[in-house]
Amino acid sequence: MAGPKAPYGTWKSPIGAALAASHDGRPEYVGAVGEEMWWTEPRPSEGGRRALVRRRADGAEEPLLPAPWNARSRVMEYGGRPWAGVPRPEGGPLAVFVDFADQRLYAVEPDAPGPPEPRPLTPVSAVGGGLRWVDPTIHADRGEVWCVLEEFTGEAPTDVRRVVAAVPLDGSAAGDRTAVRELTDDRNRFVTGPKLSPDGRRAAWLAWDHPNMPWDGTVVKVAEVTRDGAFTGVRTAAGGPEESVAQVEWAPDGSLLAASDRGGWWNLHRVSPEDGEVRELHPREEEFGGALWKIGSAWFAPLPTGPIAVVHGRGETALGILDPETGELSDAPGPWTAWSPTLAVQDTRVFGVAASPRSGYEVVELDTATGHTRVIGARHHDPVDPAYYPEPRIRVFTGPGGRDIHAYVHPPHNPDHTAPAGEPPPYVVWAHGGPTDHAPLVLDLEIAYFTSRGIGVAEVNYGGSSGYGRAYRNRLRGQWGVVDVEDCAAVALALAEEGAADGARLAIRGGSAGGWTAAASLATTSVYACGTVIYPVLDPLHWASADGTHDFESRYLEGLIGPPDEARYRERSPLHHADRITAPFLLLQGLDDPVCPPAQCERLLAAVAGRGVRHAYLAFEGEGHGFRRADTMIRALEAELSLYAQAFGIAAPEVPVLELAE
């Protein structure tokens, strides 16, 4: 039975901001430790820390480290795999992890008597500089942890070097930096953690250099490993400036596997470490890799018996088992439509993290011997009746020049309400970050927060997004602020033309690179009635300067806009076109953000001050690039809803009124 009629945006919903905030984030970095499975997961109510969690062999799930320990690396600011663990014959497992507070590498024996007492393995970082670590692997037989070392050498964000390093497990490096063995030199600006071949004779890792990003071009490095653990004969085995290798792993038979996009899609290849011969295993117009934003991401994992577990797909993703000899690919059963780039294997079992439009991210096990799947950790529990969840639609829209635009459309949905006949709903276009990233098809309670109140959401995987092949990614080369803006507008206008959305009540929303797209959309189009701009890039001239952002992305704009050129960069800049912004907007910013510092937001506020543009600015102490604290997310969501209520002429919702200055 249809519920009572009420205007869109005024529907009563059981999905509040606190509920959405409590379910933000996902498990990451699964790994097998003997018969146990470990991973990290978010704790928004505990200051946004990442807990290291273990699932014992008997199925019991428990935190491995108590608060305030926070297993999270800041290498390249986006971090990566922060932990490693190994079983031991006696005394339980040994774990190493990076603690977010000081970025030191710690060792802990979680089954030792008494509370866990982590002991530092690396020295304290220097003031104004520092040492950071990521992607560790424990080599107990060598008494070392191999990982990536990021070392700041000066005050500027770009004064940094990265190498593959070996840290002693005995703690001798905790007070003596010289006890760390550097296994590579720093001629490559970026490296991933080394993978040791089954016979222990070779190591392989990825490397790349500015101005390339890892989805533009990377190389596979291979070295011989001497008896004393030194790397010799370092050489390039595959890859190049126009070929992105997203991951490299050794197969049990000693061959080298790589996810390369040399054919236009990230497909699996076998690479000869001797002569660099590359053979594609399963040519397919799907992605078997992705954008390497975080060191230690894994889209595939070889099984001991020869098959390869793979995360693959085109937009939506599945977990499959690939036979490298026959090319046969079989997908795991289940409802999941998005698998994170984290996989682990344990005998015949594969573990990953997956979500669906009806469930959040969970730790999932596939038993390849039986073909059965089951959830074994971070199990999704419906916090409200699933009838209030969005019912997304996979859409492909037509953009300028007839190009395809991929999107997920979430119409307003609430079983308790219907809208008056003939009233089209307001819609918010969501522009994801990156911009070399993508919006997954999953249950997101932030989206449900709006759709259950009668406000539609359209997630646009605009040109430049990953998941649809290299050509789709390359659409944004030199066109950032053009193609992304055009694609978002095309989706919004198409929905209005269809009658699915109210063309007078459209909004744009995005964070990070999506914040740039949102701000640029307000400055260069008249499509939107308002916008929410979250920790954005606003001034590419400043962002590309020596202290404008962190090292990893410091030359990203050379691919997105072009070589530094004042006229071109000013023309694209939302900040330098602030005089064209007339729609109300909300600006949200973390004050500890090293990627998009708050100075750009402050300059935008100064540029619109006194011009009659209604706006609000909320800045949050202790938040960086990406909000993690529950109280921050609650305040931000409620402010966003209040903005839409005011801009769309909706009766005031049950949230604090956002005060808009002019």
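Here the structure is shown first, and the text comes after it.
Residues numbered from 1 in each chain as written. Predicted model: local features only at pLDDT ≥ 70, side-chain atom pairs only at ≥ 80, totals over all residues. Heavy atoms only, no water.

*Asks:* Can you help me understand the overall build of the protein in this one?
*Replies:* The secondary structure content of the protein amounts to ten helices and 37 strands. Within the protein, buried positions represent 62% of all 662 residues. Counting contacts in the protein only where the partners sit at least 6 residues apart, residues at least 24 apart contribute 59% of the total. Accessible area of the protein: about 24,000 Å², with a carbon and sulfur share of 50%. For the protein, the distance from the average site of its 60 positive side-chain charges to the average site of its 90 negative ones is 1 Å. (Helix = DSSP H or I, 4+ residues; strand = E, 2+ residues; numbered from the N terminus. Buried < 20%, exposed > 50% of the residue type's maximum accessible area, 1.4 Å probe, protein only. Contact = heavy atoms within 4.5 Å. Areas by Shrake-Rupley, 256 points an atom, 1.4 Å probe, with all protein chains shown as cover. Lys, Arg positive; Asp, Glu negative; His and termini not counted. Charge placed at Lys NZ, Arg CZ, Asp CG, Glu CD.)

*Asks:* In this structure, what is going on with the sheet that holds strand E23 (residues 308–314)? I would like to understand it.
*Replies:* Backbone-to-backbone hydrogen bonds pair the strands of a sheet. The strands run either parallel or antiparallel. Taken together, four strands build an open sheet; the order of strands is E22-E23-E24-E25 and the sheet is antiparallel. Two strands bound the open sheet, and with one partner strand each, they are strand E22 (300–302) and strand E25 (329–331). On average, each strand axis in the sheet is tilted by 35 degrees relative to the strand beside it, whichever way the strands run. Two elements, E22 and E23, share three bridges in a ladder whose sense is antiparallel. Bridging across to E23, Phe 300 finds its partner in Val 310. (Pairing = 2+ DSSP bridges. Axes fitted to C-alpha atoms, helices over the stretch in contact; angles between N-to-C directions.)

*Asks:* Whenever I open this one, the environment of Arg 603 confuses me. Can you help?
*Replies:* Turning to its location among the elements, Arg 603 is positioned in helix H9 (residues 599–608). Spatially, the C-alpha atom of Arg 603 lies 30 Å from that of Gly 130, the residues being 473 residues apart in sequence. With residues near it in sequence (within four places) discarded, Arg 603 still touches Asp 539, His 542, Leu 575 and His 576. For Arg 603, the side chain forms a polar contact with the side chain of Asp 539, separated by 2.7 Å. (Polar contact = N/O pair within 3.5 Å; in protein donor to acceptor, adjacent residues only side chain to side chain.)

*Asks:* Honestly, the packing of aromatic side chains in this entry has me stumped. Any pointers?
*Replies:* Two aromatic rings are characterised by how far apart their centres lie and by the angle between their planes. Evaluation of the coordinates by the stated rule reveals 24 aromatic pairs. Ring geometry for Phe 190 and Trp 208: centres 5.2 Å apart, planes at 10 degrees, overall stacked. Here Trp 208 lies in strand E15 (residues 202–208) and Phe 190 lies in strand E13 (residues 190–191), a separation of 18 residues in the sequence. Take Phe 190: its relative accessible area is 0%, and that puts it in the buried class. Its relative accessible area of 2% is what places Trp 208 among the buried residues. Ring centres 5.1 Å apart and planes at 85 degrees place the aromatic pair Tyr 535 and Phe 627 in the edge-to-face group. Here Tyr 535 is found in the loop between strand E35 (530–534) and helix H6 (540–543), whereas its partner Phe 627 is found in the loop between strand E37 (615–620) and helix H10 (630–648), with 92 residues between them in sequence. (Phe/Tyr/Trp six-rings, centres within 6.5 Å; stacked < 30°, edge-to-face > 60°.)

*Asks:* What should I look at first to understand the side chain of Glu 144 in this one?
*Replies:* Along the chain, the position of Glu 144 falls in strand E10 (residues 144–152). In this view, Glu 144 contacts Thr 137, Ile 138, His 139, Ala 166, Val 167, Pro 168, Leu 169 and Arg 181; residues no more than four positions away in its chain are not counted.

*Asks:* I'm lost on H9 in this one. Help?
*Replies:* An α-helical turn contains 3.6 residues, so any two residues separated by three or four positions project in the same direction. Among the residues of H9, Gln 600, Cys 601, Leu 604, Leu 605 and Val 608 are the ones counted as buried. The buried residues of H9 occupy an angular sector of 145 degrees when the element is viewed end-on, so they sit on one face. The elements touched by buried residues of H9 are H6, strand E36 (585–590) and E37. A positive phi of about 75 degrees marks Gly 610, the residue just after H9. (Arc of directions from axis to C-beta.)

*Asks:* Would you mind showing me how to read the environment of Ile 561 here?
*Replies:* Mapped onto the secondary structure, Ile 561 falls in the loop between helix H7 (557–560) and helix H8 (566–572). Judged by relative accessible area, which is 4%, Ile 561 ranks as buried. For Ile 561 and Leu 541, which are 20 residues apart along the polypeptide, the C-alpha to C-alpha distance reads 11 Å. Every residue in contact with Ile 561, bar those within four places of it in the chain, is listed here: Gly 478, Trp 480, Trp 516, Pro 540, Arg 568, Tyr 569 and Arg 572.

*Asks:* Please explain unusual backbone geometry as it appears in this structure.
*Replies:* The bulk of non-glycine residues show a negative phi, and the bulk of peptide bonds are trans. With omega at 5 degrees, the peptide bond leading from His 210 into Pro 211 counts as cis. Relative to the helices and strands, Pro 211 is located in the loop between E15 and strand E16 (219–225). In the segment running from Gly 434 into Pro 435, the intervening peptide bond is cis, with an omega of 0 degrees. With respect to the helices and strands, the residue Pro 435 is situated in the loop between strand E32 (427–431) and helix H2 (445–451).

*Asks:* Just to check I follow, could you spell out the pairing of strand E30 (residues 393–398) for this structure?
*Replies:* The two faces of the sheet receive side chains in turn, since in a regular strand these alternate between them. Where E30 meets strand E31 (residues 404–410), six bridges bridge the pair, whose relative direction is antiparallel. Note on E31: the bridge partner recorded for Phe 397 is Ile 405. Where E30 folds back onto E31 in an antiparallel hairpin, the turn is made up of five residues, including Gly 401, whose phi is positive at roughly 75 degrees.

*Asks:* Help me understand the sheet that holds strand E5 (residues 83–86), please; the structure alone is not making it clear to me.
*Replies:* The antiparallel open sheet is built from four strands, whose spatial order is E5-E6-E7-E8. Taken across any chain shown, the strands that pair with only one partner, and hence form the sheet edges, are E5 and strand E8 (119–120). Of the strand pairs in this sheet, E5 and strand E6 (residues 94–98) are connected by four bridges, and their pairing is antiparallel. Bridging across to E6, Ala 84 finds its partner in Val 96.

*Asks:* Whenever I open this one, the nonpolar core confuses me. Can you help?
*Replies:* Most often, soluble globular proteins have nonpolar side chains that are buried together. With 108 residues, the main nonpolar core has Val 220, Phe 231, Trp 480, Tyr 528 and Leu 604 as its most contacted residues. The leading source of residues in this core is helix H4 (residues 483–498), at eight residues. Not counting chain neighbours up to four residues away, the residues in contact with Trp 480 comprise Pro 435, Ala 513, Trp 516, Thr 517, Val 537, Leu 557, Leu 560, Ile 561 and Arg 572. Of all hydrophobic cores here, the second largest spans 41 residues; its members include Leu 443, Tyr 449, Phe 620 and Leu 643. (Core = buried A, V, L, I, M, F, W, Y, C linked by side-chain atoms within 4.5 Å.)

*Asks:* Which parts of the structure should I look at to understand H4?
*Replies:* Here H4 is 16 residues long and its end C-alpha atoms lie 22 Å apart, about the 22 Å a rise of 1.5 Å per residue gives. Of the surrounding secondary structure, the elements contacted by the buried residues of H4 are E30, E31, E32, strand E33 (456–461), strand E34 (506–511) and helix H5 (513–524). (Expected span 1.5 Å × (residues − 1).)

*Asks:* Looking at this model, I keep getting lost on the pattern of salt bridges. Mind explaining?
*Replies:* Between side chains of opposite charge, a pair can form when the charged atoms approach closely. In total, this model carries 52 salt bridges according to the counting rule given. When the shortest N-O distance is used, the salt bridge between Arg 403 and Asp 487 registers 2.8 Å. In this pair, Arg 403 sits in the loop between E30 and E31 while Asp 487 sits in helix H4, placing the two residues 84 residues apart along the sequence. Note on accessibility: Arg 403 and Asp 487 belong to one class, buried. In this structure, a network of salt bridges that share partners links the residues Arg 74, Glu 77, Arg 132, Glu 150, Arg 162, Arg 189 and Asp 551. (Salt bridge = Lys/Arg side-chain N within 4 Å of Asp/Glu carboxyl O.)

*Asks:* Could you clarify how one ought to interpret the packing of H4 against H5 in this entry?
*Replies:* For any two helices packed against each other, one specifies the crossing angle of their axes together with the interaxial distance. Look at H4 against H5: their axes get within 9 Å of each other, and the N-to-C directions meet at 75 degrees. Judged by the angle between their axes, H4 and H5 are roughly perpendicular. Together, Asp 484, Val 485 and Cys 488 of H4 and Trp 516, Thr 517, Ala 520, Ser 521 and Thr 524 of H5 make up the contact between the two elements. In terms of residue class, the contact of H4 with H5 is built from four nonpolar, three polar and one charged. (Parallel < 35°, antiparallel > 145°, perpendicular 65-115°, else oblique. Nonpolar A, V, L, I, M, F, W, Y, C, P; charged D, E, K, R; others polar.)

What is shown is where atoms sit, not what they do.
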